[in-house]
Amino acid sequence: MKGRQFTFIMGMLLGAVLFGGASAVAAGIIAEPAWSPIYVDGQQVQMTAYNILGNNYVKLRDIGQAVGFNVYY
């Protein structure tokens, strides 16, 4: 009985590892670098931004550095 349970669990884990990220790829969701300029108080700042489904995403820590607050977690 333990052998069957072990085989089942290992099969589930292997399936999750092999196909876990496939849903995002199959849905066509791709993160691409965003090349839009970012300004803070009229000054252009450098931040790494990504475009996902037409929306730009920036790290909260980068925004914090640009406007003068710290981000802790």
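Asks: With reference to specific residues and values, describe the overall build of the protein chain.
Replies: When its secondary structure is counted, the protein chain shows three helices and five strands. Moving toward the C terminus, one meets the helices and strands of the protein chain in the order α-α-β-β-β-β-β-α. Burial statistics for the protein chain: of 73 residues in total, 8% are counted as buried. The contacts of the protein chain with a sequence gap of at least 6 include a subset with a gap of at least 24, amounting to 7%. On the protein chain, roughly 6,600 Å² of surface is accessible, and the fraction owed to carbon and sulfur atoms is 62%.

Asks: Break down the sheet that holds strand β4 (residues 49-52) for me, with residues and values.
Replies: The strand order β1-β4-β5 describes an open sheet built from three strands, whose pairing is antiparallel. In the strand order of this sheet, the two ends are held by β1 (31-33) and β5 (55-58), each with one partner. Across the sheet, the axes of successive neighbouring strands diverge by a mean angle of 40°, strand direction being ignored. Pairing geometry for β1 and β4, over three bridges, is antiparallel. Within the sheet, the bridge partner assigned to Ala31 lies in β4 and is Ile52.

About the thresholds
Residues numbered from 1 in each chain as written. Predicted model: local features only at pLDDT ≥ 70, side-chain atom pairs only at ≥ 80, totals over all residues. Heavy atoms only, no water. Helix = DSSP H or I, 4+ residues; strand = E, 2+ residues; numbered from the N terminus. Buried < 20%, exposed > 50% of the residue type's maximum accessible area, 1.4 Å probe, protein only. Contact = heavy atoms within 4.5 Å. Areas by Shrake-Rupley, 256 points an atom, 1.4 Å probe, with all protein chains shown as cover. Pairing = 2+ DSSP bridges. Axes fitted to C-alpha atoms, helices over the stretch in contact; angles between N-to-C directions.

Scope: geometric values only; no functional claims are made or implied.
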